[in-house]
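Observations on chain architecture
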Amino acid sequence: MLAHLLHLQGVDSLVVEARSRQYVEERVRAGVLEQGTVDLLKESGVGERLEREGLTHHGVQLRFGHRTHRIDFKELANGRSVTIYPQNKVIADLFDARAAAKGQVFLEAADVSVHDFGVSDANGSGKPKIRFRTGGESHEITCDFIAGCDGFHGVCRPSIPEGALTVYDRIYPFGWLGILAEAPPSSEEIIYAYHERGFALLSMRSPELSRLYVQCAPDEDINEWPDERIWKELHARFATVENWTLTEGRIIQKGVTGMRSFVVEPMQYGNLFLAGDAAHIVPPTGAKGLNLAVSDIRVLAPAFAEFYKTGKRSLLESYSETCLRRVWKVQRFSWWMTSMLHLFNTDNAFDQRRQLAELDYVTSSRAASQTLAENYVGLPME
Ligand SMILES: Cc1cc2nc3c(=O)[nH]c(=O)nc-3n(C[C@H](O)[C@H](O)[C@H](O)COP(=O)(O)OP(=O)(O)OC[C@H]3O[C@@H](n4cnc5c(N)ncnc54)[C@H](O)[C@@H]3O)c2cc1C
């Protein structure tokens, strides 16, 4: 996304990616796009397929006490909405845009390392460098800036000298067991279910594909979950007195994801700028990971553009501060949704009563519903 936006501003860049294009395009991950993410993709000319295939949602549903309560975005979030469109399709559309613009993308890059990005290096001994190998050939790229958009397990963040970053971290005592099933979604909108057996989520990727999750142990062994057990658990957690049934289908993918909240401050060091999961992780309950990565890029792209137009570094210098204001608000929302909907301690009846009271409050108070709605569709960009 950054390379695409920079190209539109006439700024050259190249992308170094550890995986193949096929791997990245088939990697099933996020699927809920905030209004601001959708607007940016469309405005920047990569929203054609999104417009055709994206499913616009004007609300989400919270199910607890065997009943369903709707949070209506049209009424509560100024008509803003979210769009269901899979992350791997966003990536595929961006690959197409890069190819059309003849942008350079090095795929299946091995032994990637970053060097000389400290300000003193850039002013003194040299410019930042990226070294890597592709197809047995070694490369060294000399550049003005490095954008560390290489995810939580990438090399950029660990390359920053020890002591320069402060880490804020929280690991949750549960994970999500997720499936992708060839089943038409049983609901037109996403359902978040609170249940005494644990949280469950019904989401979708298309009119033919359902994405479903159940709360599980963080180290749950997926081999102990044959398909029948997964469906049985989903039926139990989504049980309702209403006229509703869960549609089953062939499970085509399943896996367990751990849950954590993580932020490093600052998100920059010299001429290296961290963005997305390289700088922060949210638990997936608020559907924010991808959207937050895009928000960082919405700050970073104009900052680079300003530098090349005017020579000024002011937007670059305030990059981390600008991003972190939003990052922490999104962290708070993701933590809050997670805390409200998951069982932390199965034998603490007080906590469960308190969570049910909170869900009752959130779905019966206009002010509380609005808080959820405006965060879910995405806070405005500053
Ligand atoms: C299983 C799973 C399910 C998820 N579900 C959701 C969801 O439902 N909703 C949601 O909002 N978010 C979800 N997320 C989070 C969301 O996918 C991320 O927040 C988002 O992808 C962050 O984008 P990014 O570009 O920062 O990082 P990434 O998408 O991780 O991109 C980083 C890229 O860098 C590459 N890379 C890594 N190391 C190197 C290296 N050394 N050199 C070169 N390249 C490297 C990687 O191959 C990758 O392509 C999920 C994540 C996972 C893992």
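Coordinates for the structure precede this section.
Before going into details, it helps to say that this report is about the structure given with it. (Residues numbered from 1 in each chain as written. Predicted model: local features only at pLDDT ≥ 70, side-chain atom pairs only at ≥ 80, totals over all residues. Heavy atoms only, no water.)

So, about the overall build of the protein chain. Looking only at helices and strands, the protein chain features 14 helices and 19 strands. Taking the principal axes of its C-alpha atoms as reference, the protein chain extends roughly 70 × 40 × 40 Å. For the protein chain, the proportion of its 382 residues judged to be buried stands at 49%. The contacts of the protein chain with a sequence gap of at least 6 include a subset with a gap of at least 24, amounting to 72%. Of the roughly 17900 Å² that the protein chain leaves accessible, carbon and sulfur atoms contribute 48%. (Helix = DSSP H or I, 4+ residues; strand = E, 2+ residues; numbered from the N terminus. Buried < 20%, exposed > 50% of the residue type's maximum accessible area, 1.4 Å probe, protein only. Contact = heavy atoms within 4.5 Å. Areas by Shrake-Rupley, 256 points an atom, 1.4 Å probe, with all protein chains shown as cover.)

In this section: the environment of Tyr194. Turning to its location among the elements, Tyr194 is positioned in the loop between β13 (191-193) and β14 (200-206). Under the relative-accessibility criterion, Tyr194 is labelled buried at 6%. Considered as a pair, Tyr194 and Leu343 are 149 residues apart in the sequence and their alpha carbons are 8.3 Å apart. Not counting the four nearest positions on each side in its chain, Tyr194 is found in contact with Arg63, Phe64, Met340, Leu341, Leu343, Gln352, Gln355, Leu356 and Leu359.

Across the sheet, eight strands lie side by side as β5-β4-β13-β14-β15-β12-β16-β19; this open sheet has mixed pairing. Because the sheet does not close on itself, it has two edges, and the strands there are β5 (67-72) and β19 (280-281). Against the sheet, helix α12 (residues 319-341) contacts β12 (166-182), β13, β16 (250-265) and β19, and its axis sits at roughly 130° relative to β16. (Pairing = 2+ DSSP bridges. Axes fitted to C-alpha atoms, helices over the stretch in contact; angles between N-to-C directions.)

Of the positions making up helix α9 (residues 227-237), those classed as buried are Ile230, Trp231, Glu233, Leu234 and Arg237. The arc that holds every buried residue of α9, seen down its axis, measures 160°, which confines them to one face. Set apart from the buried face of α9 by more than 90 degrees, the exposed residues are Glu228 and Lys232. (Arc of directions from axis to C-beta.)

Attention shifts here to the pattern of salt bridges. According to the stated counting rule, one finds 20 salt bridges in the structure shown. Here Arg52 makes a salt bridge to Glu48, at a shortest N to O gap of 3.1 Å. Taken as a pair, Arg52 and Glu48 lie in helix α4 (residues 48-53) at a separation of four residues, close to a single helical turn. When its relative accessible area of 55% is taken as the criterion, Arg52 is described as exposed. With a shortest N-O distance of 2.8 Å, Glu233 and Arg197 are connected by a salt bridge. Linking Glu233 in helix α9 with Arg197 in the loop between β13 and β14, this pair joins segments that are 36 residues apart in sequence. (Salt bridge = Lys/Arg side-chain N within 4 Å of Asp/Glu carboxyl O.)

All right, on to the nonpolar core then. If you look at the biggest cluster of nonpolar residues, it comprises 55 residues, and the most contacted ones within it are Leu33, Ile146, Leu274, Phe304 and Tyr319. In terms of residue count, the dominant contributor to this core is helix α10 (residues 289-310) (nine residues). (Core = buried A, V, L, I, M, F, W, Y, C linked by side-chain atoms within 4.5 Å.)

Right, let's get into the site of the ligand. Close to the ligand lie 22 residues; Glu17, Arg27, Gln87, Asp277 and Gly289 are nearest. For the ligand, a nitrogen atom lies 3.1 Å from a polar atom in the backbone of Ala18. Arg29 has a polar side-chain atom sitting 3.1 Å from an oxygen atom of the ligand. Counting residues per element, the shell around the ligand draws most heavily on α10, which supplies three residues. (Near = heavy atom within 4 Å. Polar contact = N/O pair within 3.5 Å; in protein donor to acceptor, adjacent residues only side chain to side chain.)

This brings us to the state of the cysteines. The tally for this structure, following the rule as stated, stands at zero disulfides. Cys156 provides the cysteine sulfur closest to Cys143, a residue in no disulfide bond, and the two sulfurs are 10 Å apart. When its relative accessible area of 15% is taken as the criterion, Cys143 is described as buried. For the unlinked cysteine Cys149, the closest cysteine sulfur is that of Cys156, found at 7.9 Å. (Disulfide = S-S within 2.5 Å.)

Another aspect to go through is the environment of Val241. Along the chain, Val241 falls in the loop between α9 and β16. Spatially, the C-alpha atom of Val241 lies 6.5 Å from that of Arg67, the residues being 174 residues apart in sequence. Non-local contacts of Val241, meaning those with residues more than four positions away in its chain, are made with His66 and Arg67.

This next bit is on the packing of helix α3 (residues 35-43) against α10. Where α3 meets α10, the axes come as close as 9 Å, and the angle between the chain directions of the two elements is 55°. The angle between the axes of α3 and α10 places the two elements in the oblique class. The handedness of the crossing between α3 and α10 comes out as left-handed. Across the interface between the two elements, Gly36, Thr37 and Leu40 from α3 touch Leu290, Asn291, Val294 and Arg298 from α10. (Parallel < 35°, antiparallel > 145°, perpendicular 65-115°, else oblique. Left-handed = near helix turned anticlockwise from the far one by under 90°.)

Another aspect to go through is unusual backbone geometry. Pro266 follows Glu265 through a cis peptide bond whose omega is -10°. The residue Pro266 is located in the loop between β16 and β17 (268-269) in this model. The backbone of Asn78 shows a phi angle near 55°, a positive value even though the residue is not glycine. Relative to the assigned elements, Asn78 resides in the loop between α5 (73-76) and β6 (82-84). Its relative accessible area of 77% is what places Asn78 among the exposed residues. The residue Ala287 is not glycine, and still its phi comes out positive at about 55°.

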